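The lines below spell out each chain.
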Amino acid sequence: MLFRCSRGTPSRMMHFDGSSFWHVLFPAHALILLVALCLDAGFGYPALLQRRLGHPVQWIGALITLLERCGNRPAFPPLLQRVFGIVSLILLLAVTVLPAIGMTYLALRWFPLWSVMLLSALPVSALIAQKSLYQHVAAVAEGLHRHGLSGGREAVAMIVGRDVAVLDEAGISRAAIESLAENFSDGVVAPALWCLLAGLPGIVAYKAINTADSMIGHLSPRYAMFGWAAARLDDLVNLPASRLAALCLALAARQRRAEAFTAIRRDAGLHRSPNAGWPEAAMAGALGLRLAGPRLYHGVAVEDAWMGHGRKDADVGDILRALGLFRRACLLLWLLVLLTLIAAVAFG
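Bear in mind the structure is a predicted one, so any value in this text is a computation, not a measurement. (Residues numbered from 1 in each chain as written. Predicted model: local features only at pLDDT ≥ 70, side-chain atom pairs only at ≥ 80, totals over all residues. Heavy atoms only, no water.)

Turning next to the overall build of the protein chain. In terms of regular secondary structure, the protein chain is built from 11 helices and four strands. Taking 20 Å as the expected radius of gyration for a compact globule of 348 residues, we find that the protein chain reaches 21 Å, a close match to that expectation. Taken over 348 residues, the protein chain has a buried fraction of 48%. Sequence-distant contacts in the protein chain: of pairs separated by 6 or more residues, those separated by 24 or more amount to 69%. Across the protein chain, the centroid of the 31 positively charged side chains sits 8 Å from that of the 22 negatively charged ones. (Helix = DSSP H or I, 4+ residues; strand = E, 2+ residues; numbered from the N terminus. Rg over C-alpha atoms; globule rule 2.2 N^0.38 Å. Buried < 20%, exposed > 50% of the residue type's maximum accessible area, 1.4 Å probe, protein only. Contact = heavy atoms within 4.5 Å. Lys, Arg positive; Asp, Glu negative; His and termini not counted. Charge placed at Lys NZ, Arg CZ, Asp CG, Glu CD.)

Structure representation (structure tokens):
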């Protein structure tokens, strides 16, 4: 395959053979990701774009809603619901990923590689959630501190799906910390990993799958069959990231590093999710808390296993400690990406 480096200069064609991914594209992906992580941490998604255009995840969500309305009919037999769910997921990936592939191809064909990398970092940064995740969890601590239970419940309802009306301060604090741990994996580490492996198309594909799982990958009667494919594929693409997220959190735990690794080995596999238990167990061990456990979703009790053997009476101070751990884990992720870039350049 040939990619033109600059407009109108056929003599400056880049020849990509089977090893070019490791020699050119993999280091490029690493540099794009490193710049995107810095942009997201420093600036987040611009408020002006949010007001005028919405967020890319909202665009994906709108497409999922349309596909669900067209393909998910209660009158269909269960097998047909599952088939339509698979077809809808394929259409979702086609509509979102193919434009990303086309944009990357055309950009590489007509512009120098360095300019393509810088421009790609902008949309990639919009699909990583370091800053927004930190702000949403910090808002729970602020709500509890300033307005008590009502403020905490209102803020935590923005980031969890459980019934918040029955939560006391400990329940609100644990919910915020659990969301921080799980979304560190889903919203930061996994997008970063898939960007590293496949560039802009990789992170777009991941966000489409993850958004579909969050919207239709439920065990409710409406989505149990239609969302089956989205839920199973999301489990698969998050497998490596959840383990890496747990490693980053455990290494960032400082004095409680051993406790974090112990909690991962002992408790991660007990979670009903094949992935969520890893970062939650790491967070629980690092903070000396018990996370997950029984909770209510739309009036239905979910009997999850406890992650960690610490105390259950979490408070605002624990949320702040969790945010500090999150910052250190993000820095470790940056360091891993930087080391990957150096290794790719040195040995490529």
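Resuming the write-up.
A few words now on the packing of helix α6 (residues 130–156) against helix α7 (residues 169–216). As a packed pair, α6 and α7 sit with axes 10 Å apart at the nearest point and diverge in direction by 170 degrees. Here α6 lies roughly antiparallel to α7, going by the angle between them. Of the residues in α7, those in contact with Gln130, Leu133, Val137, Val140, Leu144, Leu149, Gly152, Arg153 and Val156 of α6 are Glu169, Ile172, Ser173, Ala175, Ala176, Ser179, Leu180, Asn183, Phe184 and Val188. Looking at side-chain class alone, the contact of α6 with α7 contains 12 nonpolar, five polar and two charged residues. (Axes fitted to C-alpha atoms, helices over the stretch in contact; angles between N-to-C directions. Parallel < 35°, antiparallel > 145°, perpendicular 65-115°, else oblique. Nonpolar A, V, L, I, M, F, W, Y, C, P; charged D, E, K, R; others polar.)

Tracing the backbone through its elements, the reader meets Asn275 in the loop between α9 (257–267) and α10 (277–287). Relative accessible area serves as the criterion here: at 6%, Asn275 is assigned to the buried category. Not counting residues up to four positions away in its chain, the partners in contact with Asn275 are Asp234, Asp235, Asn238, Leu239, Ser242 and Arg243.

The subject of this paragraph is the pattern of salt bridges. The full count for this structure, using the stated rule, is 11 salt bridges. Between Asp267 and Arg266 there is a salt bridge; the shortest N-O distance is 3.0 Å. With a relative accessible area of 2%, Asp267 lands in the buried category. In this structure, a network of salt bridges that share partners links the residues Arg162, Glu178, Arg272, Arg295 and Asp304. (Salt bridge = Lys/Arg side-chain N within 4 Å of Asp/Glu carboxyl O.)

A complete count under the given rule lists one cavity of 30 Å³ or more for this structure. Lining of the largest cavity is provided by Ile64, Leu67, Glu68, Gly85, Ser88, Leu89, Leu92, Ala212, Ile216 and Phe226. Elements with a contribution of two residues or more to the lining of the largest cavity: α3 (56–71), α4 (78–110) and α7. When residues of the lining of the largest cavity are assigned to their parent elements, the largest contribution, four residues, is made by α4. Partitioned by chemical class, the residues of the lining of the largest cavity number seven nonpolar, two polar and one charged. (1 Å grid on protein atoms, 1.4 Å probe; cavity = no way out; pocket = protein on both sides within 12 Å on 5 of 7 lines; lining within 4 Å. Points joined across faces, edges and corners; volume = space filled by probe spheres on them.)

Attention shifts here to the packing of aromatic side chains. Summed over all chains, the structure comprises two aromatic pairs. Between Phe76 and Phe84, the aromatic rings sit 5.2 Å apart at their centres with planes inclined by 25 degrees, giving stacked as the arrangement. Overall, Phe76 belongs to the partly exposed group, its relative accessible area being 24%. Phe84 gets classed as partly exposed once you look at its relative accessible area, which sits at 32%. Of note, Arg82 hangs over the ring of Trp228, and the distance from its end group to the ring centre comes to 4.3 Å. The residue whose ring lies beneath Arg290 is Trp306, and the NZ or CZ to ring-centre distance is 4.6 Å. (Phe/Tyr/Trp six-rings, centres within 6.5 Å; stacked < 30°, edge-to-face > 60°. Lys NZ or Arg CZ within 6 Å of the ring centre and 35° of its normal.)

Positive phi is not limited to glycine here, since Arg254 has a value of about 60 degrees. Within the secondary structure, Arg254 sits in the loop between α8 (228–251) and α9.

Glancing now at the environment of Leu193. The topology assignment puts Leu193 in helix α7. Since its relative accessible area comes to 19%, Leu193 is described here as buried. On a C-alpha basis, the gap between Leu193 and Ile209 in space is 14 Å, while along the polypeptide they are 16 residues apart. Excluding residues that lie within four positions of it along the chain, Leu193 makes contacts with Pro240 and Ala241.

Further remarks concern the nonpolar core. Side chains that are nonpolar tend, in soluble globular proteins, to be buried together. Formed by 82 residues in total, the largest nonpolar core has its most connected members in Val140, Val156, Phe184, Met283 and Ile319. The greatest single-element share of this core, amounting to 20 residues, is contributed by α7. Phe184 has contacts with Leu133, Val189, Ala245, Cys248, Leu249, Phe326, Ala329 and Cys330, leaving out every residue within four places of it along the chain. One finds Ile60, Leu63, Ile64 and Phe226 within the second-largest nonpolar core, a separate group that totals 13 residues. (Core = buried A, V, L, I, M, F, W, Y, C linked by side-chain atoms within 4.5 Å.)

In short, geometric facts, not functional conclusions.
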